Amino acid sequence: RRCPRGLRLPRGARAPSAGVTMFAPCRYLLCASGDFVKVYSVSTEETLRLMGGHADLVTGIQLNPHNHMQLYSSSLDGTIKLWDFMDGIPIKTFTVGSKLLALYTLASAEDSVFVVIPKKGERDTFQLVSVKLTKGAGQDLEAKELSVVLDGVGASMKHVAFGREGAYVVSVKDVNLQVYFFKRKLLNRFSLSTMKTKGGDNHFSCVVCHPTEDCIATGHADGKIRLWRNFHHRKEYTYSTLHWHHDIVKDLAFSMEGTRLLSGGVESVLVQWHNESSCQKDFLPRLGSPIEYISMSSDGALCCTLHTDNRITIINSNLRFSRSIQGLIKSRDVKTGLVVDPRTKALVLNGEPGHLQFYSLQSDQQLFSLDIVQRQYIHQAGLKQSDLVKVAFSAQGTWLATVEESEEVTDPELQLKLWFYNEEMQSFNLNTRINTPHDNHITDMCFRDMDGLGDDSLILVTTGRDCVFKVWVMVEDTDPEAQQSVSWSCDFVGSYHNYQATNCCFSEDGSLLAVSFEETVTVWDSLTWDLKCTFCHPPGNIRNICFGRLTCSKYLIGVTDYGFLCCWNLLTCALEWSAHLNVVVLQPDPLSEHIAAVSWLSKESSLFVFKPNEPRPVYIQRNVCKEKILLAAFVPRDEPEMISSEKYLWLRKSQLFFLTDTQELMTLSTKSLEERLTPSSKQLAVEESLPVTPFSLLLGKHRRQQAQEDIDLGKPVVHNKQEQASPAVKELLHTPAHVLPSASFLCTIFINSLLISKENKSAEEVADEVEMESEKAEDDSDEEDVTTMEQEDTSHMELLGEMTCKLSKSQEKELRRIRKMDYSWISAF
Amino acid sequence: MAAYKPLVVQACPKLGERITQDTLYWRGYKTPVQIKEFGAVNKIDFSPVPPYNYAVTASSRIHIYGRYSQEPIKTFSRFRDAAYCATYRDDGRLLAAGSEDGSICLFDVGGKAPLRQFEGHTKPVHLVGFLSDKYRIFSGGDDYSSNLWDIPSATEIISYSEHTDYVRCGCASKVNADVFITGSYDHTVKLFDARTKSSVMTIEHGHPVESVLLFPSGGLLVSAGGRYVKVWDVLKGGQLLVSLKNHHKTVTCLCLNSSGQRLLSGSLDRHVKIYSTTSYKVVHSFNYATSILSLALSPEDETLVVGMTNGVLNVKHRKPEEKNENSQKRRQPVYRTYVKGRTYMPKQEDFCVSKPVKRVLRKYDKLLRSFQSSKALDAVLEPPIMLHTPEVTVAVMQELHRRGTLRSALAGRDEKQVNLLLTFVARRVIEPRFTPVLVTVADMITDIYQPVVGQSAIVDKQFLKLQEAIGKEIDYQEELLEVLGMMDTLFATFTKKRDTCLEENKSNGLTEIIETNMNY
């Protein structure tokens, strides 16, 4: 696992990174997403299942051509897994041994699949090999029978395609196209000229084969699509060209009959070509972001496009937009930072270009997307787009301030917009638009947070590179006939020795404003706008500042470029303490005194949590992740969580989220990922075990667990073990009495479940108590998991599927117990 | 999938005054009628009863004008010298006027010769008025005294000599028949009760008082003098409520509108300002050719009459409001056809087929949607759009620039089109809201059409015009900067604070400087 213990990704925060496969009954959509394979429902857009088990990026997924309920997946960790995706169970794992970059299956090829692997001994050379999947007992199998089919293929999944009925395979790389006929064992190579004439660029970008005819469609870097025919002959081959795209063709797909060809690219327009002629084409424009992959369902009724911003769009066969599945939208650059909407507790950050996305962490869904720039976005490289750069919410979330600027460096087109939350519409309405609020880029913006006082106290401060900070206030419109009662205007402009203003921050009670000007922090009285005092810690510019809260409100924290974390006392106007730490992110918790600082030192990020009144940190987590953490945010919990560990007490009221430079959203959690996943997977298990009876609810779990452990004793899946006792008891209590087994049997289960389990029970102790019921045992296993989590702290590399041998031992014991228990009472019937 | 977003045209707030209900109301007067009098018009008074004739006192005559007559319907000219302050009684049947020789004449509106003559003042009488019981007259003269007269007997009841300078204005309370007010050049306003021997209240205005006014309720008093209009609460013992300083020369006359919601003041600075009596903010103002001496507003605000120092009487009549009714009548059936069938509630067995809502896009939006840059630019260069909504043209140009296709859209045009384009640019480039975009456009046009300069006389002329416009603007900006620099120096000498404040001032525009200085 790449991230250490404690750091878990919220579900869906990672982009679907590989191809999408549509499914025959059109009910499910499978998608490789990071290390996981996700199963979505096409009709409800819900994530039905998350299948984890790969240790690295999943690079390809293909349905088993002989059994459409099974799925092959390949990963960079060198394994191919066979899944039963209806139940989310891994059936087999084949270890190949080298990185797998793409995966293909063929109906005609009996028990072998094709993968793209790097060629041994040569860098950046890849080959297509066929892997014989041995039919052996057990779950873990070695697949070492490799035979090379093609050499020098492209690394991407889109660079290889198989022809109709698997008669030939096509691969493209740079300007070369090679076709290999399996029957005749004939290899034909064709190449285009590398010369770029008239702006043309002949490099191949993708290839697909016609499903019924001998025809190959290739996409090119200059936006052309070539249709190749007659490629059996080395000399007399022909191709025709279709040209609409102005930039690279990202992906192509043929419809099932081959009459329609779909293409997509950077323009975010899906183009449908009829009968391979360039005169007949349909468009589906404005899909939101560049198209990365296109795939068709096997019955041709639906097609879906995967976009660069972590979104799947499902499109009808008549080229009508149907629905979209989206998690956290990946934007090119999160300039706004992570902001928490006080109203919905949603994470707010850049979404689609020019939009602000409100992302609910609880439901892993985008709540809504607010159009800030309100301009048609043109998907074209080299244009100077304007985008959102700063966002601030007022304390109650009634006001939202946004700053947008164009990408031009010298003369940015700046706009400050203030939005008011409309209760009736349940959305933000534009109240005031200020053109060019500053002469140069705006560096920071904050509202005066005052819960106690009314709206009159609301003040917005912006700092700019034009060496001033400006104070904006609400002005009531005296004219009763005006459309809106308030608008915003500038009240005060302050500067300090013509230094660039970089950061601003209000104290908790709103009486003081701290503005940093390069090396100096200035503190201003927010009533009279008098300069009160200045602090600095030379050398080095101030990178970030914040005030302490609650009991620590007399402290001001600052971070400098030269790697110092300073704490100044505002009462004595003196430096209280400082620490040598290269802090990149400084984030105060709005509900407690704690302040989180993330440092970046030689390729590792470390987290420090401290209170300003004591220089010793409350919590230190070294090497939180390998990537650089760019942003962090405390999200208040709905209700304070019960945290027993002293170490994590600061996470009681709010949760800490990080965003890394690879745009991964992470959080620090005291629970393991499996624990959080169980509710949904259990729910699914209930849905699918037909017919659902109270008995099956009660017993099915045990049965399945047992059956699975019979298949492979060595590798039980973690979450099966996790089925908890308490819900089982709950089910028991909610089942009608007349269908329950005898009370004498249930009594022991019930009483045992109510007992308080002993702390730190060792495995030996558990082994002695064989007669104990399964529910109790499961309680223990929970306990055990906590202890193993503690162990993981030292060895950060815990895999989802892997189990330590100690755990498997306990599983065996548990199995023995369950077996005994189950049969004893069934025989009573 | 998102729909096409129409181009956002940035509407700039209109410069100058904002259009409010008040501006619309006060603008609803026809073009004024100018009547030449023989001398400066010192008083205009409307008869309180229909047909609302008005008496105009100018030089040695009093003219009575009818509502729409441009000629006086009656003239009182039995004055040896100048007449002053012809005032109607509440029932509109008697008219009193003072004169230069110190006598006060009382006329019947129907007759010609004065009914009574009150002698007693030794100097000119500038103030005459009726008390609300109709049987007494009060007056004020340049002999510093204010007298009370009995009409039936034509005798003086009482004389107050409390003012220390000319008494020039006054008014009677409508609530109490014994109370009247006089304002004098000794900077005071005095309130008299006819039942007492001396004044009841004295208010210091601070400037020679030119005009006083009581609100119909009798609780509020308005005085004008110097550049100030001040409102006093009489019931609180003459406490100052608000002091208005909106004129830059002496305020000479005051007047309330018929509803009592608006206060009008006329001044020597040629302006009539209209204030709201709730917020005391100026809601509208009128401009006149010369200094204003007197003004009056007829009941229902039907006519506004203003008298000037040069003897011109300016009469404005309200426009009739009949148009609205007509248009409403026409609209009604249209609305009914519009909602036809929409109110139909579908029954259970009905099968509903929804019709997609068709969005109406402007022509340039349609062209922009299909990426036809050149045609989109053509669409907004059509004269109606270019002349009346230049912001649309500029917005399209900006959008094309953002898309990187502005150059190709501008290129390849013939002489006529280039002429049109250059005319637009030369005219609008100096408008601050358009400058950033149009400078780029001008740059590109010069670049593109550089090779063909000299081939067409029209285009060359336009280029010269553009050059001239830009040159003028640069000179103007330089001058402005000079002024700003001068003002900065001035303000720098005012401030006694730390140097940080100085810097604030330097980096700001004019408005902020004033604001910060007011804070000090």
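The shown structure was predicted, so the numbers you read here are calculated from the model rather than taken from an experiment.

Turning our attention to the overall build of chain B. When helices and strands are counted, chain B shows twelve helices and 28 strands. Here chain B holds 520 residues, and the buried ones make up 46% of them. A fraction of 45% describes how many contacts in chain B between residues 6 or more apart in sequence connect residues 24 or more apart. Summing over all exposed atoms, chain B offers an accessible surface of approximately 27900 Å²; the carbon and sulfur share of this is 54%.

For chain B, mean pLDDT is 86; residues scoring 70 or higher make up 91% of the total. Scoring of the predicted complex yields 0.67 for pTM and 0.72 for ipTM.

Residue and element names in this part refer to chain A. The strand order across the open sheet formed by four strands is 47-48-49-50, and the pairing between neighbours is antiparallel. Looking along the sheet, the strands with just one partner apiece sit at the ends: strand 47 (542–547) and strand 50 (574–580). Sheet twist, expressed as the average angle between the axes of neighbouring strands with direction ignored, equals 20°. Where strand 47 meets strand 48 (residues 555–560), five bridges bridge the pair, whose relative direction is antiparallel. Bridge pairing links Ile-545 to Gly-558 in strand 48.

All names here are of chain A. Overall, the coordinates contain 49 aromatic pairs over all chains when judged by the stated rule. Both rings, one in Trp-399 and one in Trp-488, keep their centres 5.3 Å apart while their planes meet at 80°; by these two values the pair is edge-to-face. Separated by 89 residues along the polypeptide, Trp-399 in strand 36 (residues 399–406) and Trp-488 in strand 42 (residues 486–494) bring together distant segments of the chain. You'll find Trp-399 and Trp-488 in the same group, each marked buried.

The next point concerns helix 4 (residues 373–380) of chain B. Residues and elements named next belong to chain B. Along helix 4, the residues classified as buried are Ser-373, Ala-376, Leu-377, Ala-379 and Val-380. Down the axis of helix 4, the buried side of the element spans an arc of 155°, and every buried residue falls inside it. Elements in contact with the buried residues of helix 4: helix 3 (363–369), helix 5 (383–388), helix 6 (390–403) and helix 7 (406–410).

This part covers the packing of helix 8 (residues 415–428) of chain B against helix 9 (residues 435–449) of chain B. Residues and elements named next belong to chain B. Interaxial distance between helix 8 and helix 9 falls to 10 Å at its minimum, and their mutual angle equals 145°. Seen along the crossing, helix 8 lies across helix 9 with a hand that is left-handed. Contact residues: Val-418, Leu-421, Leu-422, Phe-424, Val-425 and Arg-428 in helix 8; Leu-438, Val-441, Ala-442, Ile-445 and Tyr-449 in helix 9. Among the residues forming the contact of helix 8 with helix 9, the class breakdown is ten nonpolar, no polar and one charged.

Residue and element names in this part refer to chain A. Spatially, 10-11-12-14 is the arrangement adopted by the four strands of the open sheet, whose pairing is antiparallel. Each having just a single partner strand, strand 10 (102–105) and strand 14 (146–153) make up the two edges of the open sheet. Pairs of neighbouring strands in the sheet enclose a mean axial angle of 25°, with direction left out of account.

Residue and element names in this part refer to chain A. Direction of pairing for strand 6 (residues 58–64) relative to strand 7 (residues 67–75): antiparallel, over a ladder of six bridges. From the neighbouring strand, Gln-62 faces strand 7, where its bridge partner is Tyr-72. Between the end of strand 6 and the start of strand 7, which pair antiparallel, lie two residues. Summarising the sheet, strand 7 and strand 8 (residues 79–84) pair through five bridges and their orientation is antiparallel. Within strand 8, the position partnered with Leu-71 by the bridge is Trp-83. The antiparallel pairing of strand 7 with strand 8 creates a hairpin that spans three residues between the two strands, and Gly-78 there sits at a positive phi of about 85°.

Here we take up the confidence of the model for chain A. Regions with low pLDDT carry predicted coordinates that are not meant to be interpreted in detail. Residues and elements named next belong to chain A. Predicted confidence across chain A gives a mean pLDDT of 77, with 79% of residues reaching 70 or more. Contacts from residues 673–691, a stretch scored under 50 in pLDDT, to residues over four places away or in other chains number 28 contacts. In the predicted structure, residues 712–724 sits below a pLDDT of 50 and forms 33 contacts with residues beyond four places in sequence or in another chain.

Side chains carrying opposite charge are able to pair once their charged atoms draw close together. Within this structure, the stated rule accounts for 30 salt bridges over all chains. With a shortest N-O distance of 2.8 Å, B:Arg262 and B:Asp22 are connected by a salt bridge. In this pair, B:Arg262 is assigned in strand 23 (residues 262–267) and B:Asp22 in helix 1 (residues 21–26), connecting sequence segments 240 residues apart. B:Arg136 is paired through a salt bridge with B:Asp133; the nearest N and O atoms lie 2.9 Å apart. Salt bridges linked by common partners bring A:Arg375, A:Glu413, B:Glu399, B:Arg402 and B:Arg403 together as one network.

Time to look at the pairing of strand 5 (residues 47–52) of chain A. Residue and element names in this part refer to chain A. Alignment of strand 4 (residues 36–41) against strand 5, held across five bridges, turns out to be antiparallel. By the bridge assignment for strand 5, Val-37 is matched with Met-51. What sits between the antiparallel neighbours strand 4 and strand 5 is a turn of five residues, in which Glu-45 has the positive phi angle 65°.

Counting residues in hydrophobic clusters, the biggest one holds 40 residues, and the most contacted among them are B:Val425, B:Leu438, B:Val441 and B:Ile445. Looking at this core, the element that brings in the most residues is helix 9 of chain B, giving seven residues. Among residues more than four places away in sequence, those in contact with B:Leu438 are B:Val394, B:Met397, B:Phe424, B:Val425, B:Arg428 and B:Val429. Grouped together as the second largest cluster of nonpolar side chains are 28 residues, A:Ile545, A:Ile557, A:Trp577 and A:Val583 included.

Another point: helix 9 of chain B. All names here are of chain B. The end-to-end C-alpha distance of helix 9 is 21 Å, a good match for the 21 Å that 15 residues give at a rise of 1.5 Å each. Regarding helix 9, the residues found buried are Val-437, Leu-438, Val-441, Ala-442, Met-444, Ile-445 and Tyr-449. Angular distribution of buried residues about the axis of helix 9 spans 165°; they occupy a single face of the element. Opposite the packed face of helix 9, turned more than 90 degrees from it, sit the exposed residues Pro-436 and Asp-443. For helix 9, the elements touching its buried residues are helix 6, helix 7, helix 8 and helix 10 (457–494).

All right, on to a negative patch on the surface then. Residue and element names in this part refer to chain B. Residues Asp-475, Glu-478, Glu-479 and Glu-482 make up a contiguous surface patch of negative charge. Inspection of the secondary structure assignment puts Glu-478 in helix 10. Take Glu-478: its relative accessible area is 47%, and that puts it in the partly exposed class.

All names here are of chain A. Assignment of secondary structure puts Thr-105 in strand 10. A polar contact of 3.5 Å, which involves the side chain of Thr-105, links it to the backbone oxygen of Leu-63. Look past the residues within four positions of Thr-105 in its chain and what remains in contact with it is Gln-62, Leu-63, Pro-65, Tyr-72 and Val-113.

So, about the state of the cysteines. All names here are of chain A. Tallying each qualifying case throughout the model produces zero disulfides over all chains. The thiol of Cys-533 is unpaired, and the distance to the nearest cysteine sulfur, on Cys-573, comes to 3.9 Å. Judged by its relative accessible area of 16%, Cys-533 is buried. For Cys-567, which is in no disulfide, the shortest distance to another cysteine sulfur is to Cys-552 and amounts to 8.3 Å. A residue is classified by how much of its surface remains accessible, and Cys-567, at 0% relative accessible area, is buried.

All names here are of chain A. With respect to the helices, strands and loops of the structure, Val-172 is situated in strand 16 (residues 168–173). Take Val-172: its relative accessible area is 0%, and that puts it in the buried class. Sequence separation of Val-172 and Ser-156 is 16 residues, and the distance between their C-alpha atoms is 9.9 Å. In contact with Val-172, not counting residues within four places along its chain, are Gly-154, His-159, Leu-177, Phe-204, Val-207 and Thr-218.

With that out of the way, let us pick up the packing of helix 8 of chain B against helix 10 of chain B. The packing of two helices is summarised by the inter-axis angle and the distance between the axes. All names here are of chain B. The N-to-C vectors of helix 8 and helix 10 enclose an angle of 10°; their axes lie 9 Å apart at closest approach. The angle between helix 8 and helix 10 places the two elements in the roughly parallel class. Crossing geometry of helix 8 relative to helix 10 is assigned as left-handed. When helix 8 is examined against helix 10, the residues Glu-415, Val-418, Asn-419, Leu-422, Thr-423, Val-425 and Ala-426 are found in contact with a partner set consisting of Ile-458, Val-459, Gln-462, Phe-463, Lys-465, Leu-466 and Ala-469. In terms of residue class, the contact of helix 8 with helix 10 is built from nine nonpolar, three polar and two charged.

Rules and cut-offs
Residues numbered from 1 in each chain as written. Chains lettered and ligands numbered in written order. Predicted model: local features only at pLDDT ≥ 70, side-chain atom pairs only at ≥ 80, totals over all residues. Heavy atoms only, no water. Helix = DSSP H or I, 4+ residues; strand = E, 2+ residues; numbered from the N terminus. Buried < 20%, exposed > 50% of the residue type's maximum accessible area, 1.4 Å probe, protein only. Contact = heavy atoms within 4.5 Å. Areas by Shrake-Rupley, 256 points an atom, 1.4 Å probe, with all protein chains shown as cover. pLDDT = per-residue confidence, 0-100. Pairing = 2+ DSSP bridges. Axes fitted to C-alpha atoms, helices over the stretch in contact; angles between N-to-C directions. Phe/Tyr/Trp six-rings, centres within 6.5 Å; stacked < 30°, edge-to-face > 60°. Arc of directions from axis to C-beta. Left-handed = near helix turned anticlockwise from the far one by under 90°. Nonpolar A, V, L, I, M, F, W, Y, C, P; charged D, E, K, R; others polar. Salt bridge = Lys/Arg side-chain N within 4 Å of Asp/Glu carboxyl O. Core = buried A, V, L, I, M, F, W, Y, C linked by side-chain atoms within 4.5 Å. Expected span 1.5 Å × (residues − 1). Patch = residues over 30% accessible without salt bridge, like charges linked within 9 Å, V, L, I, M, F, W, Y side chains within 5 Å. Lys, Arg positive; Asp, Glu negative; His and termini not counted. Charge placed at Lys NZ, Arg CZ, Asp CG, Glu CD. Polar contact = N/O pair within 3.5 Å; in protein donor to acceptor, adjacent residues only side chain to side chain. Disulfide = S-S within 2.5 Å. Parallel < 35°, antiparallel > 145°, perpendicular 65-115°, else oblique.

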